[in-house]
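Listed below are the residues making up each chain.
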Amino acid sequence: MLDPMLLALVLAAVAIGWWLGRRQRTPDDSAQQPSLTRDYFVGLNYLLNEQPDRAIETFVAALEVNSDTIETHIALGNLFRSRGEADRAVKIHQNLLARPTLTAHQGDSVQLELARDFFHLGLLDRAEKLLQGLIHEAHLEDTRRHAKRLLADLLEREKEWQAALEVAQPLIREDDDLRRAAAHWQCELAQQELDSASPSRARKRLKQALKTDPRCVRATWMLARMEHDTGHYKAEIKLLRRIPEQDPDFTALVLPPLRDAYLRREDPDGLEQTLQALVEATRSTSAIIMLAECLQQREGDHAAADFVSQQLSQAPNLRGIDYLVDLYRHQPGLAESQPMTLLKQHTQSLLDASPHYRCQRCGFDGRQLHWQCPSCRSWGTTRPITGLRGE
């Protein structure tokens, strides 16, 4: 499969070739034609020999800036930016803006790309100034929409959560990623309110987050923590039980505080009933193990082992096997068994080396839950790993 950057460069070369072919049919430009055609084929040669840097330079040199080549110049500038050379993209886009032949729509397009260049260079003030101008003055609604989306990203980078929400509000309904991000911005604002000892305002923020994105696990999780901190364990349980309904993969997250809340209410039967419902609904390994622990306390090791074995026969899982090994190791005559000890060492080593969470967007993984992926900066895309070595 072609590299995306190389594919884009091929398309740019085709566009340049079309333009040069069109020029060949223009009589008064014939004097310049041999040089331009030669430059074009030199650029193609660089491209075919996998020398994209020299190909881009040659294509830029071959093209004069006029109304027919604006889009191609923009595309070449974007190629530089995609290669991490946003400073060179800035030069191309600023050169375009200096041309008096630009139409109003072309000028807006170039300013938008220049704002993206500044954004990638970290010149956020300059990018923001351009974007604010486009939002108020761009001639096309599509350009204004792209400017708002980029400005929301910029304000997020600066942790200006409220400003980002205000800019993004008109776009949230039509953009799933933005809606998910906006809910997390509300959670960030709620955390600020909690840090300022304003729980009522924080609660309002979290409810707004759930209104924006009903599947926002983080908002429900924070509300449950607030109920725990005030000793409202019944309300905490209700909120924690809602999280697996929002996203079954997050069942393991709620189990420790759920058990704690039930025990504080002196309701072990309620805990066991809830765990049974979670096992049936989600097949979570953590829920299976916690329910097995309840069975072990009430009926002994054999009942717990039989239950886990039955569950593993339906969905094998390394953590379940590790739990079974622990149970059998404590049986009379097996505590000092070398095979069982070695098996435990191997299962534990595999579990210790396994990440717990993975971003569904870029694949970044680790043992800690990040509401925003540290790698691709996407909100709400990092999830517990499921399957043989996960939940």
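Remember, it's a predicted structure, so these values are computed and weren't measured experimentally.

K.L.:
What exactly am I supposed to notice about the pattern of salt bridges here?
P.N.:
A complete count under the given rule lists 22 salt bridges for this structure. We note a salt bridge from Arg145 to Glu174, for which the minimum N-O separation is 3.6 Å. Of the two residues, Arg145 sits in helix α8 (residues 141-157) while Glu174 sits in the loop between α9 (161-168) and α10 (176-195), which places them 29 residues apart along the sequence. Assessed through its relative accessible area of 29%, Arg145 is described here as partly exposed. What makes Glu174 exposed here is its relative accessible area of 56%. Note that Glu299 is salt-bridged to Arg298, the shortest N-O span being 2.8 Å. The class of Glu299 is partly exposed, set by a relative accessible area of 49%. A single salt-bridge network, built from bridges that share partners, covers Arg81, Glu113, Arg116 and Asp117.

K.L.:
Whenever I open this one, the packing of aromatic side chains confuses me. Can you help?
P.N.:
Each aromatic ring pair is specified by the distance between its two centres and by the angle formed by the two planes. For the structure shown, the criterion picks out two aromatic pairs. Plain terms: the ring middles of Trp161 and Trp379 are 6.1 Å apart, the flat faces sit at 80 degrees to each other, and that makes the pair edge-to-face. Here Trp379 lies in the loop between β2 (365-366) and β3 (382-384) and Trp161 lies in helix α9, a separation of 218 residues in the sequence. We classify Trp379 as buried; its relative accessible area is 6%. Judged by centre distance (6.3 Å) and plane angle (15 degrees), the rings of Phe250 and Trp371 are stacked. Highlighted residues: Phe250 in the loop between α13 (233-246) and α14 (251-264) and Trp371 in the loop between β2 and β3, separated in sequence by 121 residues.

K.L.:
Explanation requested: the sheet that holds β2 in the structure shown.
P.N.:
Where strands meet in a sheet, backbone hydrogen bonds hold them as pairs that are either parallel or antiparallel. Read from one edge of the open sheet, three strands run β2-β1-β3, paired in antiparallel fashion. Two strands close off the open sheet at either side, each with one partner strand: β2 and β3. Both strand β1 (residues 357-359) and β3 contribute to a ladder of three bridges, which runs antiparallel. Within β3, the position partnered with Tyr357 by the bridge is Pro384.

K.L.:
Help me understand unusual backbone geometry, please; the structure alone is not making it clear to me.
P.N.:
With the exception of glycine, the majority of residues adopt a negative phi angle, and the majority of peptide bonds are in the trans configuration. The phi dihedral of Glu266 is positive, around 55 degrees, even though this residue is not glycine. One non-glycine residue, Arg283, adopts positive backbone phi at about 60 degrees. Relative to the helices and strands, Arg283 is located in the loop between α15 (268-282) and α16 (285-299). Residue class for Arg283 comes out partly exposed when judged on its relative accessible area of 33%.

K.L.:
Before we go on, may I ask you to explain α15 in this structure?
P.N.:
Owing to its 3.6 residues per turn, the α-helix brings residues three or four apart onto one side. Taking 1.5 Å per residue as the helical rise, α15 with its 15 residues ought to reach 21 Å, and the 21 Å between its terminal C-alpha atoms agrees with that figure. Buried within α15 we find Gly270, Leu271, Glu272, Thr274, Leu275, Leu278, Val279 and Thr282. Buried positions along α15 lie against α13, α14, α16 and α17 (301-314). Once α15 finishes, Arg283 follows within two positions and takes phi at roughly 60 degrees, a positive value.

K.L.:
Is there a simple way to explain the packing of α8 against α10 in this structure?
P.N.:
Two quantities define a packed helix pair, namely the angle between the axes and the distance from one axis to the other. Following both chains from N to C, one finds α8 and α10 inclined at 30 degrees, their axes separated by 12 Å at the closest point. Compared by their axis directions, α8 and α10 come out roughly parallel. In this structure, α8 crosses over α10, and the sense of that crossing is left-handed. Across the interface between the two elements, Arg149, Ala152 and Glu156 of α8 pack against Asp177, Leu178, Ala181 and Trp185 of α10.

K.L.:
Got a minute to help me understand a positive patch on the surface in this structure?
P.N.:
Residues Lys234, Lys238, Arg242 and Arg265 make up a contiguous surface patch of positive charge. Positionally, Arg265 belongs in the loop between α14 and α15. Take Arg265: its relative accessible area is 42%, and that puts it in the partly exposed class.

K.L.:
Looking at this structure, how should I read the state of the cysteines?
P.N.:
Disulfide: a covalent bond formed between the sulfur atoms of two cysteine residues. Using the criterion set out here, one finds zero disulfides in the structure. Here Cys362 stays free of any disulfide, with the sulfur of Cys373 as its closest cysteine sulfur at 3.6 Å. Judged by relative accessible area, which is 1%, Cys373 ranks as buried.

K.L.:
I would appreciate a short explanation of helix α7 (residues 124-137) in the present structure.
P.N.:
The terminal C-alpha atoms of α7, which comprises 14 residues, lie 20 Å apart, in line with the 20 Å expected from a rise of 1.5 Å per residue. Those residues of α7 that sit buried are Leu124, Ala127, Leu130, Leu131, Leu134 and Ile135. Along the long axis of α7, the arc covered by the buried residues comes to 135 degrees, so they all point the same way. Opposite its buried face, α7 presents the exposed residues Asp125, Lys129, His136 and Glu137, each directed more than 90 degrees away. Contacts from the buried residues of α7 go to α6 (104-121) and α8.

K.L.:
How should I be thinking about the side chain of Arg218 in this particular structure?
P.N.:
Following the sequence through the fold, Arg218 ends up in helix α12 (residues 217-229). Looking at Arg218, the relative accessible area reads 8%, which means it is buried. When residues no more than four places from it in sequence are discounted, the contact partners of Arg218 are His184, Cys187, Glu188, Trp371 and Trp379.

Procedures and definitions
Residues numbered from 1 in each chain as written. Predicted model: local features only at pLDDT ≥ 70, side-chain atom pairs only at ≥ 80, totals over all residues. Heavy atoms only, no water. Salt bridge = Lys/Arg side-chain N within 4 Å of Asp/Glu carboxyl O. Helix = DSSP H or I, 4+ residues; strand = E, 2+ residues; numbered from the N terminus. Buried < 20%, exposed > 50% of the residue type's maximum accessible area, 1.4 Å probe, protein only. Phe/Tyr/Trp six-rings, centres within 6.5 Å; stacked < 30°, edge-to-face > 60°. Pairing = 2+ DSSP bridges. Expected span 1.5 Å × (residues − 1). Contact = heavy atoms within 4.5 Å. Axes fitted to C-alpha atoms, helices over the stretch in contact; angles between N-to-C directions. Parallel < 35°, antiparallel > 145°, perpendicular 65-115°, else oblique. Left-handed = near helix turned anticlockwise from the far one by under 90°. Patch = residues over 30% accessible without salt bridge, like charges linked within 9 Å, V, L, I, M, F, W, Y side chains within 5 Å. Areas by Shrake-Rupley, 256 points an atom, 1.4 Å probe, with all protein chains shown as cover. Lys, Arg positive; Asp, Glu negative; His and termini not counted. Charge placed at Lys NZ, Arg CZ, Asp CG, Glu CD. Disulfide = S-S within 2.5 Å. Arc of directions from axis to C-beta.

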